[in-house]
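Topology and contacts: notes
These are the residues of each chain, in order.
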Amino acid sequence: MTTLLEMRGITKQFPGVKALSEVDLTVRRGEIHAICGENGAGKSTLMKVLSGVYPHGSYDGQILLDGSECEFKDIRGSERAGIVIIHQELALVPYLSIAENLYLGNELARRGVIGWDRTLSEAKTLLERVGLRESPQTRIADIGVGKQQLVEIAKALAKDVRLLILDEPTAALNDSDSRHLLDLIVELREHGITSIIISHKLNEVTRVADSITVLRDGRTIETLAVNDELTEDRIVRGMVGRDLTHRFPPRPQREIGDVAFAVANWTVLHPIDQHRKVVDDVSVDVRAGEIVGIAGLMGAGRTELAMSVFGRTYGKYVSGKVFKEGREISTRSVSEAIKNGIAYATEDRKHLGLNLMDSIAKSITLPSLRKVSRRMVINEHDEARVAEEYRTSMRIKASSANVSTGKLSGGNQQKVVLSKWLFTDPDVLILDEPTRGIDVGAKYEIYTFINELAARGKAVIVVSSELPELLGLCDRIYTLNEGRLTGEIARADATQETLMRHMMKGRAQ
Amino acid sequence: MTTTVEQSPQNPVVPDRPNGVPPQQHSLWSRISAFLMSHVRQSGMVVALCAIVLLFQVWTSGILLKPLNVTNIIQQNGYILVLAIGMVIVIISGHIDLSVGSIAGFIGAMSGVLMVSHGMPWPVGVVLCIGMGALIGAWQGFWIAYVGIPSFIVTLGGMLVFRGATQYLLEGQSIAPMPHGLEQVSSGFLPEIGVNSVYHWPTVILGAVMMVAALVTQIRRRRSQLRYGQEVLATPLFIAKCAAIVAALAVVTLLLASYRGVPIVGIILVVLTLVYAFVMRNTVLGRQVYAVGGNAAAAQLSGIRNKWVTLLVFVNMGALAAVAGLLFAARLNSATPQAGINFELEAIAAAFIGGASSSGGVGTVLGAIVGGLVLGVLNNGMSILGIGSDVQQVIKGLVLLAAVGFDVYNRRKGGR
């Protein structure tokens, strides 16, 4: 097998930061090559160098494609050479059709007039190649993220791609969509398309990739061939520079008390389609000092349940009651929920969790401004002191609490979100995907915090798509499917297989 | 397909970082540049204002800063600055208000009808008018916050509705003259005490009090910032800043005192500016406005009542539009159907020149005042030079573009 791409000694400098130093990457023709590394290891920077986002001359080193050196001035240059990158944030226009998106910037036109018949028929062929059964005239806004991802790949195919780069392709997808996508990449390999995938999900990487290059701190650490002996722990060791035999902190001895928080017979309708029950007669409870997990595939109603309980911020409430320490309480609005000692940390910290323009300090005090103010006037020094306390105790990495949250890494943003809710002094914490998109080291820290919270007698509910995370953290796990509660499994009986079985229960195959 | 394991020998797995955390990437350099950036944005417009003042001072051979003219600038721009205060808050909350000029005109007309045609005592009329402005704001705020119609549409409608209502109320005629008391609010001065001397003493005293107050505030803030270990300006810079503030206050005080003293409008403006700057910077409500404008969804999930906050913002805008309408009617000494035309555009321009962001969440009251003064000084200076209103409009338009362009450029550089 011959070498398709060779990147030699790539060094990329930003003011004050060396993002890449002497990185080597060799990709063979017709393989799927994974790049793994913690956040900030330089994966995306490397791919931006490769695809011409950072033009030739702004970095040192060589890029050889088929043995000849390339000097891309922009993305168009790399696309002409057959390199297409699909970014984490999809670059599709929501209100244009699939076909229009496929040929965006690349229109099938003669003298500026688009040939619609040809566009539609070729779009149809491309959609068949990626296995997407949708009319080319469907609007992007009307299809799910999984299908949008397929459209992106079809768009790459329209450009005669030879080397496809996917940056975290499955981060926003559910399990079956992820599987479909990965199968497609494997299938494309049979047709001679080489792929580079950047992924945090090691199980996926070991399933589809032929070799893996591990980056750490802007350097190439190693390239591993995938075979049966390669374990996930082995990859993680390269990523973090140590053996991560314990991906989860040891569970401290903690006392589990009485039922602290209970939701009974909760039913919610979809906000637009009001015939659909998104949450259907669900009852869950959590005890003081207990960590309870909620598992389910995408669309199972986990986030919907959590948000609707927390101030009815999702969908249309139909029925159900909320109890705290046996007494019925109202969580009709967010402020009532907060007042009753309930906190909800969202899964989407960039859009729902933080105002990215605001400083760490202002973000932390927002839900509890009254605690740092007297007669509605904010005491800036109290605020600064509180923020500083959390910055230190939660180990938020920033030069001061005045740094805006938009400049922090995902893990540190998540620590700000947690700080913000801890400062409301809740008894019950609902944490929705608390470690989504953050690196292994920060995950470990977050798990430690969650354990500490439970040890301090808080009742914690963790909603997560990552089964190992639920198994490593929770005392008890509920499973949801299509809005219904399908199981309640104690830690001792829980395995990935049993959970998955319950998560699929009653689902039409 | 897979063949070899390529272990790179020169890069053994070194357990160098016990926590697996990436190294500190924000070096001193990026911190300093971020600090400078934030200060460029804060002070850039103040510098620009000083430059414009100096330029016109030279071009007009010293007429610009003649005591009479400084008084004129204040009286001519008072109502726009009042609108700019309300407008920047609306813009911070993520909205826009196109109707303020029409509301100001409508309130002016209403004041004429009430106080002149019906002979209502003017203080009662003023209270009623401001109440009416707040009510109009509540009406528009209701559609925006609770029904969810974009503010651009609601206030575009309001612009037409209240322009029409103004003409209906006045039947196309002007009503004049306004009651003497109201007229004095707009063109009167702080009364003189004792014998007439070179300087207007109450103004000098007021100016001195403000200088002391400004100094004390600056020093106290710095002291407590130091006590809580926050970043502060270096001592020489801080002294320079204090000196600049005192000097600016002294110049304005002496200029005003050597004519007829502080105009009443000036006092109203200073009070409104200080109150609103405090509200936006130091109170829970102000913080909530920034939060709603910065990220509405995150604000709602933090327990903020977005709709209520938005409604209040528009109620406030309506009330301030009413104040502006009254000031304008008082200054013209008549209620006319044309009052308030294009005021909204001047107010919006002032807010944006002063650093507000059209996407919401960013802006300051002081910035809007500086932006309004930039426009006011341009207007005044160019009029003294006898530049036609056609050229004036072109220049003001370009200044708006340049100011916002500068801001966008800075932000892009700061963000990377």
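What you see as residue numbers is a count from 1 along each chain, following the sequence as written. Each chain is given a letter, starting from A, and each ligand a number, starting from 1, according to the order in which they appear as written. Note on the predicted model: pLDDT of at least 70 is required for a residue's local features to be given, and 80 or more for side-chain atom pairs to be given and counted; whole-chain, interface and lining totals, by contrast, use all residues.

**Quick look at the overall build of chain A**
Rules: In this description a helix means any DSSP run of H or I spanning at least four residues, a strand means any run of E spanning at least two, and both kinds are numbered starting from the N terminus. To get the radius of gyration, use the C-alpha atoms; to get the globule rule, take the number of residues to the power 0.38 and multiply by 2.2 Å. We call two residues in contact if the C-beta atoms placed from their backbones are at most 7 Å apart.
The helix and strand inventory of chain A stands at 17 helices and 24 strands. For chain A, whose C-alpha radius of gyration is 24 Å, the value lies close to the compact-globule estimate of 23 Å for 509 residues. Restricting to contacts in chain A with at least 6 residues of sequence separation, those with at least 24 account for 67%.

**Overview of the domain arrangement of chain A**
Note on interface size: it is often stated as the accessible area lost on association of the parts. Residue and element names in this part refer to chain A. Test applied: Domain delimitation follows an automatic or database domain assignment. Polar here means any residue other than Ala, Val, Leu, Ile, Met, Phe, Trp, Tyr, Cys and Pro, which are nonpolar, and Asp, Glu, Lys and Arg, which are charged; Gly is therefore polar.
When cut into domains, chain A gives domain 1 (3-240), domain 2 (257-341 + 426-443 + 460-509) and domain 3 (349-425). Spacing between the C-alpha centres of domain 2 and domain 3 amounts to 26 Å. Domain 2 puts eight residues into the contact, and the matching count from domain 3 is seven residues. Considering only residue class, the side of domain 2 that touches domain 3 consists of six nonpolar, one polar and one charged.

**Considering the sheet that holds strand β11 (residues 211-216) of chain A**
All names here are of chain A. Inclusion rule: In this scheme, strands are said to pair when DSSP sees at least two bridges between them. Under this scheme, a helix contributes an axis fitted over its contacting stretch, all axes are lines through C-alpha atoms, and angles between N-to-C directions fall in the 0 to 180 degree range.
Taken in spatial order, the six strands make up an open sheet running β6-β9-β10-β3-β11-β12, and their pairing is mixed. What marks the edges here is a single partner per strand, and that holds for β6 (83-86) and β12 (219-225). Averaged over all pairs of adjacent strands, the angle between their axes in this sheet comes to 20 degrees, without regard to strand direction. Note that strand β9 (residues 163-167) and strand β10 (residues 194-198) share five bridges and pair parallel. Each bridged residue has a counterpart across the sheet, and for Asp-167 the counterpart in β10 is Ile-198.

**What to know about the packing of helix α9 (residues 264-282) of chain B against helix α14 (residues 365-384) of chain B**
Packed helix pairs are specified by the crossing angle of their axes together with the interaxial distance, meaning the distance between the axes. All names here are of chain B. Stated formally: By definition in this entry, angles of less than 35 degrees are roughly parallel, angles greater than 145 are roughly antiparallel, angles of 65 to 115 are roughly perpendicular, and the rest are oblique.
Their axes nearest at 8 Å, the elements α9 and α14 cross at an angle of 140 degrees. With respect to α14, the element α9 is oriented oblique. For the pair formed by α9 and α14, the contact residues are Thr-273, Tyr-276, Ala-277 and Met-280 on the first element and Val-365, Leu-366 and Ile-369 on the second. The residue inventory of the contact of α9 with α14, partitioned by class, reads six nonpolar, one polar and no charged.

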